[in-house]
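# Tertiary structure, described
Each chain is listed here by its residues.
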Amino acid sequence: MASVPWVEIREKFQAALTLSRVELHKNPEKEPYKSKYSARALLEEVKALLGPAPEDEDERPQADDGLGGGDHALGLPTEVVEAEGPVAQRAVRLAVIEFHLGVNHIDTEELSAGEEHLVKCLRLLRRYRLSHDCISLYIQAQNNLGILWSEREEIETARAYLESSEALYNQYMKEIGSPPLDPTEHFLPEEEKLTEQERSKRFEKVYTHNLYYLAQVYQHMEMFEKAAHYCHSTLKRQLEHNAYHPMEWAINAATLSQFYINKLCFMEARHCLSAANVIFGQTGKIQTTEDTPETEGDVPELYHQRKGEIARCWIKYCLTLMQNAQLSMQDNIGELDLDKQSELRALRIKELDEEESIRKKAVQFGTGELCDAISAVEEKVRYLRPLDFEEARELFLLGQHYVFEAKEFFQIDGYVTDHIEVVQDHSSLFKVLAFFETDMERRCKMHKRRIAMLEPLIVDLNPQYYLLVNRQIQFEIAHAYYDMMDLKVAIADRLRDPDSHIVKKINNLNKSALKYYQLFLDSLRDPNKVFPEHIGEDVLRPAMLAKFRVARLYGKIITTDPKKELENLATSLEHYKFIVDYCEKHPEAAQEIEVELELSKEMVSLLPTKMERFRTKMALT
């Protein structure tokens, strides 16, 4: 090393860093990694010029090094050892080179070689890992190994490295606390060393990345509570340190809202979505940095896609909040229970009284103007369950606004599945709004709107490629017609003498419901058109419900022809009997349709007697 000026080594290292940052698309098409390979060659030169690594038998890793062997592996150091003296200094500089070689090999998809270099980096730094000079580099090396093992789907190993990084950060901040050296500073002259403020910013960014990777690992391990906690911590820190890309931050916050929605924590979900809207509005308005993802550049398509994805998260918020209110207030036949509604009104007063204390415990993003901007969005959206039509309509209109926004990007041409899911959510918004509506004619119109948006989808879809989606839509359309028929029957029952127009309307709705239930049931048949003896778990309940409703629909057909009425009763009995017989052969099916099974047994017992009386009456007349 004495024969080569230190300034020349520094220059080679800086040149390697510059080449490492060249974006892949700027390389020749046939040599996408050209700049990476050039950087690697320079790093290898620097490594050779620095000389061999210090020999220290005590620092050589054990076979299980890095996999949870307490203080002897990824455990915390018992004391701080500073990297002092020429031997330690050379070890640290070599560790920096090994780190960059490791990242370089990973970038060129040579994972095993990348792992080898990163492990060498950890080995060289192990004794000094808690020191001011080495802590940041050590954590970055472990973070990269965590990502590498995660990509190999060795999640436990990834978790061990990342949790070790988190523990090291916490120990360093507790015992030392001053901003540590950034790895690049080991090859900088004194006059170019970073300020304390810049060191702190970079170190905090390293820790934020650590939390981000931990959130992904916990998500992969289905530790959803922990994943949400770490995701929230990451987002909060990114805002605090002004180290975020608006589009990416917004989509992560919107995604986090889905966790809170599933937990029925609507205040937290609303806050995440409001923050997502505000931050997404900054896209293109804040200065990009050297590590801004290429995808966050001027890419209108990605912008509109992310906007559509955030809109879909808002739709889920509105829909789930309305559905949760419906579940809380419906009786055993799915209608509004006025007593339950009154109880919830009384509870609402208590919820409003506790709102401020709940808010303080809830997730909060941003400070100052940003916090005010998020609050301004929040205040326009309710988080308490709607208790009447007007409150439900407010949420419905918000959800519908985001349906239109989502459909701007997720169009049927190119995004078939996404478009259909958005339309189904729109239909569900109408369905749950109808629950709150007391006027039966208006309820009918809402179901009619659902049918109008769902039926065209059936025409456009190839049933061979979209079998499951087709089934879902067929069942939903059938159910909408079924609900409309029930409402028209209820309206007719209020009239002393319903006219032929109402009777015809009821029968037409009945016929349409039967058509779509039958299409759904026919989709379960095998290529020889035979109905399965054993119905799959995924379609068991809908299939049994379809059979039950078909039985009921045949019993509801209004006709003046006795012979036709007898035929309808026979068909109805046949479907009720299918349900009873199937559940006897397959007892596990009974628990899927307990209420419908009891009613079917009742009808199987009563209908033969009714049909016999009907035959006797026909014979007499």
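The sections below set out a description of the structure shown in this document. Nothing here was measured: the structure is a model prediction, and the numbers come from that model. (Residues numbered from 1 in each chain as written. Predicted model: local features only at pLDDT ≥ 70, side-chain atom pairs only at ≥ 80, totals over all residues. Heavy atoms only, no water.)

### Digging into the overall build of the chain
Defined as follows: Numbered from the N terminus, helices here are DSSP runs of H or I no shorter than four residues, and strands are runs of E no shorter than two. Two things to know: the radius of gyration comes from C-alpha atoms, and the globule rule equals 2.2 Å times the number of residues to the power 0.38. We call two residues in contact whenever any of their non-hydrogen atoms come within 4.5 Å of each other. Each accessible area is a Shrake-Rupley estimate made with a 1.4 Å probe; only the visible protein chains count as cover when residues are assessed. Charge convention: Lys and Arg are scored as positive, Asp and Glu as negative, and His as well as the terminal groups of each chain are ignored. Lys charges are placed at NZ, Arg charges at CZ, Asp charges at CG and Glu charges at CD.
The helix and strand inventory of the chain stands at 22 helices and zero strands. Its C-alpha atoms give the chain a radius of gyration of 33 Å, more than 25% over the compact-globule value 25 Å for 621 residues. For the chain, the spread of C-alpha atoms along the three principal axes comes to 120 × 55 × 50 Å. In the chain, the proportion of contacts linking residues at least 24 apart, taken out of those at least 6 apart, comes to 73%. Carbon together with sulfur atoms contributes 50% to the accessible area of the chain, which is approximately 32500 Å² in total. Across the chain, 78 positive and 105 negative side-chain charges occur, with their mean positions spaced 7 Å apart.

### Topic: the environment of Ser35
Examined against the element boundaries, Ser35 turns out to sit in helix α2 (residues 34-50). Setting aside residues up to four positions removed in sequence, Ser35 forms contacts with Leu19, Val22 and Asn27.

### Examining the pattern of salt bridges
The line we're drawing: Every case where a carboxyl oxygen of Asp or Glu lies within 4 Å of a side-chain nitrogen of Lys or Arg is listed as a salt bridge. Relative accessibility thresholds used throughout: buried, under 20% of the residue-type maximum; exposed, over 50%; partly exposed, between the two (1.4 Å probe, protein chains only).
Applying the stated criterion to the full structure yields 33 salt bridges. In this structure, Arg443 and Glu335 form a salt bridge, with 3.2 Å as the shortest nitrogen-oxygen distance. One end of the pair, Arg443, is in helix α17 (residues 440-460); the other, Glu335, is in the loop between α11 (300-329) and α12 (338-353), and 108 residues separate them in sequence. Among the ionic pairs, Lys577 bridges to Asp581, the shortest N-O distance being 3.3 Å. One end of the pair, Lys577, and the other, Asp581, are both in helix α21 (residues 562-585), four residues apart, so they sit about a helical turn from each other. Owing to a relative accessible area of 29%, Asp581 belongs among the partly exposed residues under this scheme. Linked by salt bridges that have partners in common, Arg348, Arg382, Glu391 and Glu394 make up one network.

### Points about the nonpolar core
The tendency in soluble globular proteins is for nonpolar side chains to be buried as a group. Heads up, the rule is: Side-chain atoms within 4.5 Å are what join buried Ala, Val, Leu, Ile, Met, Phe, Trp, Tyr and Cys residues into a set we call a nonpolar core.
In terms of nonpolar packing, the biggest core is built from 171 residues, with Trp249, Tyr317, Phe365 and Ile473 touching the most fellow members. Contact partners of Ile473, with chain neighbours within four places excluded, come to Ile420, Gln424, Leu454, Leu457, Ile458 and Leu461.

### A word on the side chain of Arg40
The test is simple: Pairs of N or O atoms are called polar contacts if they sit within 3.5 Å, as long as, within protein, a hydrogen donor faces a hydrogen acceptor (for residues adjacent in sequence, only side-chain-to-side-chain pairs).
By the secondary structure assignment, Arg40 is in helix α2. Assessed through its relative accessible area of 13%, Arg40 is described here as buried. Within the structure, the side chain of Arg40 is placed 3.4 Å from the side chain of His105, a separation counted as a polar contact.

### A few points about the packing of helix α5 (residues 135-151) against helix α6 (residues 155-175)
So the rule is basically this: Helix axes use the C-alpha atoms of the stretch in contact, all axes being lines fitted to C-alpha atoms, and the angles between their N-to-C directions lie in the range 0 to 180 degrees. Note on angle classes: values under 35 degrees are labelled roughly parallel, values over 145 roughly antiparallel, values of 65 to 115 roughly perpendicular, and the remainder oblique. Left-handed describes a crossing in which the near helix is turned anticlockwise from the far one by less than a right angle; the clockwise case is right-handed.
Running from N to C, α5 and α6 cross one another at 160°; their axes reach a closest spacing of 7 Å. Judged by the angle between their axes, α5 and α6 are roughly antiparallel. Of the two elements, α5 crosses α6, and the hand of that crossing is left-handed. Taking contact as the criterion, the partners of Ile135, Tyr138, Ile139, Gln142, Asn143, Leu145, Gly146, Trp149 and Ser150 in α5 are, on α6, Ile155, Thr157, Ala158, Tyr161, Leu162, Ser164, Ser165, Leu168, Tyr169 and Tyr172.

### A look at the state of the cysteines
Going by this rule: Throughout, disulfides are identified as pairs of cysteine sulfur atoms within 2.5 Å of each other.
All chains considered together, the criterion is met by zero disulfides. With no disulfide of its own, Cys313 has Cys272 as its nearest cysteine by sulfur position, at a separation of 10 Å. Classification of Cys313 by relative accessible area gives buried; the value is 11%. With no disulfide of its own, Cys371 has Cys272 as its nearest cysteine by sulfur position, at a separation of 13 Å.

### Overview of unusual backbone geometry
Positive phi, close to 65°, is recorded for Glu109, a residue that is not glycine. With respect to the helices and strands, Glu109 occurs in the loop between α3 (85-107) and α4 (111-125). Under the relative-accessibility criterion, Glu109 is labelled exposed at 62%. Non-glycine residue Asn242 carries a positive phi angle of around 50°. On the basis of relative accessibility, which here comes to 60%, the residue Asn242 falls in the exposed class.

### Comments concerning helix α10 (residues 266-280)
Threshold: Given the number of residues in a helix, its expected span is that number minus one, multiplied by 1.5 Å.
For α10, spanning 15 residues, the distance from its first C-alpha to its last is 21 Å, which sits close to the expected 21 Å at 1.5 Å a residue. The element α10 is largely enclosed, with a buried count of 14 among its 15 residues.

### Quick look at the packing of aromatic side chains
Rules: Pairing of aromatic rings covers Phe, Tyr and Trp, the last counted by its six-membered ring, and requires centre-to-centre distances within 6.5 Å; plane angles under 30 degrees mean stacked, over 60 mean edge-to-face, and any other angle means tilted.
Under the criterion given, the structure shown has 26 aromatic pairs. Consider the rings of Tyr218 and Tyr230, whose centres lie 5.2 Å apart with planes at 55°: the pair is tilted. Remark: Tyr230 occurs in helix α8 (residues 224-240) and Tyr218 occurs in helix α7 (residues 196-220); sequence separation between them is twelve residues. Taking relative accessible area as the criterion, Tyr218 reaches 1% and is therefore assigned buried. The interplanar angle of 85° and the centroid separation of 5.6 Å between the aromatic rings of Phe410 and Tyr415 together place this pair among those described as edge-to-face. Under the relative-accessibility criterion, Phe410 is labelled buried at 3%. Taking the relative accessible area as the measure of exposure, Tyr415 reaches 24% and is therefore partly exposed.

### Quick word on a negative patch on the surface
Our working rule: Candidate patch residues must exceed 30% relative accessible area and have no salt bridge, after which like charges are joined if within 9 Å and Val, Leu, Ile, Met, Phe, Trp or Tyr side chains if within 5 Å.
Among the surface-exposed residues, Glu537, Asp538, Glu588 and Glu592 lie close enough to one another that they form a single negatively charged patch. Residue position: Asp538 is located in helix α20 (residues 537-556).

### Considerations on the packing of α17 against helix α18 (residues 467-494)
Which entries qualify depends on this criterion: Note on residue classes: Ala, Val, Leu, Ile, Met, Phe, Trp, Tyr, Cys and Pro are nonpolar, Asp, Glu, Lys and Arg are charged, and everything else, Gly too, is polar.
Packing of α17 against α18 brings their axes to within 9 Å, and their N-to-C directions diverge by 155°. Between α17 and α18, the interaxial angle falls into the category roughly antiparallel. In this structure, α17 crosses over α18, and the sense of that crossing is left-handed. Residues belonging to the contact of α17 with α18 are distributed by class as follows: 14 nonpolar, three polar and nine charged.

### Quick look at the environment of Leu124
Turning to its location among the elements, Leu124 is positioned in helix α4. The exposure class assigned to Leu124 is buried, which follows from its relative accessible area of 15%. With 28 residues separating them along the chain, Leu124 and Val96 place their C-alpha atoms 9.6 Å apart. Apart from residues lying up to four places away in sequence, Leu124 is in contact with Ala53, Pro54, Ala91, Leu94, Ala95 and Glu98.

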